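# Survey of secondary and tertiary structure
The primary structure of each chain is shown beneath.
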There are 2 protein chains.
Amino acid sequence: MQQQIIFSTDKPSIKVKSFSSIQNEIQSGNPIALSVDCVIFGFDENKLKVLLIRSDLKKYQDKWTLLGDLIAPNEDLDDAAYRILKQRTGLNNVYLEQVHTFGKVKRHPAGRVITVAYYSLINIKHHKLNILDNELHWHDIENISELAFDHQEIFNTCYERLQKRVQEHPLGFNLLPKKFSLRDLQNLYEAILGFKMDRRNFRKKFFSMDFLIDLDEIEQNVPHRPGKLYQFNYAKYEKKKKKWAGIDF
Amino acid sequence: MQQQIIFSTDKPSIKVKSFSSIQNEIQSGNPIALSVDCVIFGFDENKLKVLLIRSDLKKYQDKWTLLGDLIAPNEDLDDAAYRILKQRTGLNNVYLEQVHTFGKVKRHPAGRVITVAYYSLINIKHHKLNILDNELHWHDIENISELAFDHQEIFNTCYERLQKRVQEHPLGFNLLPKKFSLRDLQNLYEAILGFKMDRRNFRKKFFSMDFLIDLDEIEQNVPHRPGKLYQFNYAKYEKKKKKWAGIDF
DNA sequence: CCAAAAGTGTTTGCAGTACACCCATGT
DNA sequence: ACATGGGTGTACTGCAAACACTTTTGG
């Protein structure tokens, strides 16, 4: 019944546009700019951090902003994100993931700019920042405030995404040294998720997943009984991954 | 140690741009256009469907495409999505959710267009299509192929998102009549997720969630024992919702 | 009475959670 | 010796999964 209406046998009209009219529309009158903003998370001293810089705009110099720039006409969107990260920080070989696109008309004071947000997680000790323009540095997650424009909203969205993703994928290991203790791992999860967990259950969970390689080494220079060190077994994970729930990969 | 490098006490340089230089950059030379594409899912005859039209472009008239258009300079991104859906289909009062932004340089033959994908789920019987231009109609999910441009990839991404979201949120009830049987509900989930489930466990699951209102009515005109009819209790869900895993809201 | 789908319970195993004590190391 | 955190096991509970028979209706 319903289908007959939808798949009507009457010849429906087709409105077609010529190629050039579309091209005109695209090239002529569309003063919308596109940017990428990167939310780069890091981890150090048991705290989750995020990379911020001072705003490019003189008027907003006292505000912090995410790492962003306009997209070039001839680069892929994803490439733009990597370029911008590289330009702003010197960072390379970092995995970026797209999160959301923010497009309110008045979101940016300099004009109509729609921005695509990306996030990443990096190991602060492995990735030295090569560029320190605009006071680029790591801010504790807990203390960030007074971000310019809608960057607080963008940050919040990316942080929520991170919290969800880290429970479904083994992202967190990027933030740790290659050899880490279970305490390191738990501190990381607690910092990202924002709550404490039971130590025994946490260990049981990760051991039962069976993606940790026991290195038969122990921590050095700790003022207490040293813990054993582990590596994450990416190869094994890639073979086994399926569906999960909670920390369950 | 690391921190000392990052938070160097040397006065770091700040590169500032004037407001007008940014405005120039935005308005002048940026021939990137922005569009929205909508993936509208519907459900009828126990099959999941998607709305497609013939391509606007003469060259691609034999290919199906998603519902899309360029964003206007003075409208919010989300508003553009609703406008486009309304223009193409006459549909109103439909919830759209942003999924992902696609921005490869050569993704569209008419020029540099970056597109933001949205999806929705609607009840085919509740929403009559008021516009049938470009052979707009519902296609079975299983049979779609030969989509124009990168629309197959966009569709796939949205479909995966749908499958994930429907397990975490009570989206599915939008696709059903106000009064539905548990068989209807199970058919819906099986159509979306693509596999069969055990009837007893399915019922147990939904009854234990306790979000179904028993209407004390039964199906009419079925050639077998009629099932009881239910409504979804949105109010109760809104109060109780927390975190879940699998179908677990 | 036949076909078709509705409706219903139990068992089993696994996973999450709560919880307390001893051990190894450095100071 | 003491302080600090590492390492371990058990019992309980709730959810998921597997599984078969009886009931109700229309034809």
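This text follows the structure it describes.
These lines cover the structure that appears in this document, whether it is placed above or below.

## Focus on the protein's contact with DNA strand D
Taken together, 20 residues sit near DNA strand D, with Arg199, Arg200, Arg203 and Lys204 of chain A together with Arg225 of chain B positioned nearest. A distance of 3.3 Å is found between a base nitrogen of DNA strand D and a side-chain nitrogen or oxygen belonging to Arg200 of chain B. The contact in question runs from a base oxygen of DNA strand D to an N or O atom on the side chain of Arg225 of chain B, over 2.7 Å. Those elements that provide at least two residues to the surface near DNA strand D are α6 (199-209) of chain A together with α6 (199-209) of chain B. A class-by-class count of the residues in the surface near DNA strand D yields 4 nonpolar, 4 polar and 12 charged.

## Here's the deal with the protein's contact with DNA strand C
Every one of the 20 residues lining DNA strand C counts as a neighbour, but Arg200 and Lys205 of chain A together with Arg199, Arg200 and Arg203 of chain B are closest to it. Protein-proximal atoms of DNA strand C, defined as those within 4 Å of the protein, fall in sugar or phosphate at a share of 44%. A distance of 2.9 Å separates a base nitrogen of DNA strand C from a polar side-chain atom of Asn201 of chain A. Between DNA strand C and Lys205 of chain A, the relevant distance is 2.8 Å, taken from a phosphate oxygen to a side-chain nitrogen or oxygen of the residue. Secondary-structure elements contributing two or more residues to the surface near DNA strand C are α6 of chain A together with α6 of chain B. Among the residues forming the surface near DNA strand C, the class breakdown is 4 nonpolar, 4 polar and 12 charged.

## Considering the nonpolar core
Of all hydrophobic cores here, the largest spans 50 residues; its most connected members are Val36 and Ile40 of chain A together with Val36 and Ile40 of chain B. Listing elements by their share of this core, those giving two or more residues are β1 (33-44), β2 (47-54), α3 (77-89) and β6 (113-123) of chain A together with β1 (33-44), β2 (47-54), α3 (77-89) and β6 (113-123) of chain B. Setting aside its immediate chain neighbours within four residues, Val36 of chain B contacts Leu67, Gly68, Asp69, Ile71, Leu77, Ala80, Ala81, Ile84, Thr115, Val116 and Tyr118 of chain B. If you look at the next biggest cluster of nonpolar residues, it comprises 42 residues, including Leu66, Val166, Leu171 and Leu212 of chain B.

## Some details on the packing of aromatic side chains
For the coordinates displayed, the defined rule picks out 32 aromatic pairs over all chains. Judged by centre distance (5.8 Å) and plane angle (25 degrees), the ring pair of Phe155 of chain A and Tyr159 of chain A falls under stacked. Of this pair, Phe155 of chain A and Tyr159 of chain A both sit in helix α4 (residues 151-168), 4 residues apart, which is roughly one turn of that helix. Note on Phe232 of chain B and Tyr237 of chain B: the rings are 6.1 Å apart at their centroids and 50 degrees apart in plane angle, and the pair reads as tilted. Accessibility classification places Phe232 of chain B together with Tyr237 of chain B in one group, the buried group. Within the aromatic cluster, the residues linked to one another by ring pairs are Phe173, Phe180, Tyr189, Phe202, Phe206, Phe211, Phe232, Tyr234 and Tyr237 of chain A. The lysine or arginine in question, Arg54 of chain A, covers the ring of Trp64 of chain A, its NZ or CZ lying 3.9 Å from the ring centre.

## Let's talk about the environment of Leu34 of chain B
Within the secondary structure layout, Leu34 of chain B lies in strand β1. Residue classification places Leu34 of chain B among the buried residues on the basis of a relative accessible area of 2%.

## Brief notes about the pairing of β6 of chain A
Residues and elements named next belong to chain A. With 11 of 11 residues buried, β6 is to be regarded as a mostly interior element. Side chains Val113, Thr115, Ala117, Tyr119, Leu121 and Asn123 of β6 all project onto a buried face; the interleaved residues Ile114, Val116, Tyr118, Ser120 and Ile122 project onto the opposite face, where all are buried too. As paired elements, β1 and β6 share 11 bridges and run parallel to each other. Looking at the pairing, Cys38 lines up with Tyr118 of β6.

The rules behind the values
- Residues numbered from 1 in each chain as written.
- Chains lettered and ligands numbered in written order.
- Predicted model: local features only at pLDDT ≥ 70, side-chain atom pairs only at ≥ 80, totals over all residues.
- Heavy atoms only, no water.
- Near = heavy atom within 4 Å.
- Polar contact = N/O pair within 3.5 Å; in protein donor to acceptor, adjacent residues only side chain to side chain.
- Helix = DSSP H or I, 4+ residues; strand = E, 2+ residues; numbered from the N terminus.
- Nonpolar A, V, L, I, M, F, W, Y, C, P; charged D, E, K, R; others polar.
- Core = buried A, V, L, I, M, F, W, Y, C linked by side-chain atoms within 4.5 Å.
- Buried < 20%, exposed > 50% of the residue type's maximum accessible area, 1.4 Å probe, protein only.
- Contact = heavy atoms within 4.5 Å.
- Phe/Tyr/Trp six-rings, centres within 6.5 Å; stacked < 30°, edge-to-face > 60°.
- Lys NZ or Arg CZ within 6 Å of the ring centre and 35° of its normal.
- Pairing = 2+ DSSP bridges.

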